[in-house]
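Residue strings, one per chain:
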Amino acid sequence: MATAELESILDLNTLEQYCSAIGAGTLLKSVVLFEQLMPEYVGNLVNAYEAKDKDTLCSEAHKFKGAAGSVGLKRIQQFAQLLQHGEEAAWDNDHSAWLNEIVNHGPSDLQELKLYLESKA
């Protein structure tokens with residue numbers, strides 16, 4: 001994958017810093033844990049969306065944003081960032097599209113992250 005495309009998916013700067021500080025192998029263990037938790041995170045987002053529970057959706061998006069950011073998943077972190085701000089004018093029109101981006105790109109972005117870290121380990 002081209003670096004520019006990878007930079008839109010992963011926070012390469014943060015990942016490089018993590019790899020230097022703790023090593024790619026150690027970070028990969030955190031990514032595996034995130035991978036195990038991701039179905040629950042995304043399920044909570046989808047359930048709140050389907051229940052039309054805006055407060056819970058925003059709260060769950062905030063948690064997911066932090067978790068995704070902690071392992072360098074830039075693109076889905078950015079969509080979670082948008083999704084957590086229910087007070088923003090664009091939220092009512094765009095929140096379902098943002099959630100779809102997380103659902104659709106989450107697994108493939110996670111796979112790219114794992115490949116990236118495996119190449120650094």
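Keep in mind the model is a prediction, meaning the values are calculated, not measured.

(A) Highlighting the pattern of salt bridges. The tally for this structure, following the rule as stated, stands at five salt bridges. Here Glu35 ties to Lys114 by a salt bridge, and the two come within 2.9 Å at their closest N and O atoms. Note that Glu35 is positioned in helix H3 (residues 24-50) and Lys114 in helix H6 (residues 91-120), a separation of 79 residues in sequence. Residue Glu35 is classed as partly exposed on the basis of its relative accessible area, which comes to 30%. The class of Lys114 is buried, set by a relative accessible area of 15%. Between Arg75 and Asp109 there is a salt bridge whose closest N-O contact spans 2.6 Å. Of this pair, Arg75 sits in helix H5 (residues 74-84) while Asp109 sits in helix H6, placing them 34 residues apart in sequence. For Asp109, a relative accessible area of 1% corresponds to the buried category.

(B) Representation of H5 in the model. For H5, the set of buried residues is Arg75, Ile76, Phe79, Ala80, Leu83 and Gln84. On its buried face, H5 is in contact with helix H1 (3-9), H3, helix H4 (54-70) and H6.

Conventions adopted
Every residue gets a number counted from 1 within its own chain, in the order that chain's sequence is written. In keeping with the model being predicted, local features are shown solely for residues with a pLDDT of at least 70 and side-chain atom pairs are shown and tallied solely at 80 or more, while totals for entire chains, interfaces and linings include all residues. Side-chain calculation: all heavy atoms of the structure are included, whereas hydrogens and water are not. Take a side-chain nitrogen of Lys or Arg and a carboxyl oxygen of Asp or Glu: if they are within 4 Å of each other, that pair is a salt bridge. In this description a helix means any DSSP run of H or I spanning at least four residues, a strand means any run of E spanning at least two, and both kinds are numbered starting from the N terminus. Relative accessible area decides the class of each residue, using a 1.4 Å probe on protein chains only: under 20% of the type maximum gives buried, over 50% gives exposed, and in between gives partly exposed. Only heavy atoms enter the contact rule, under which two residues are in contact if any of them lie within 4.5 Å.

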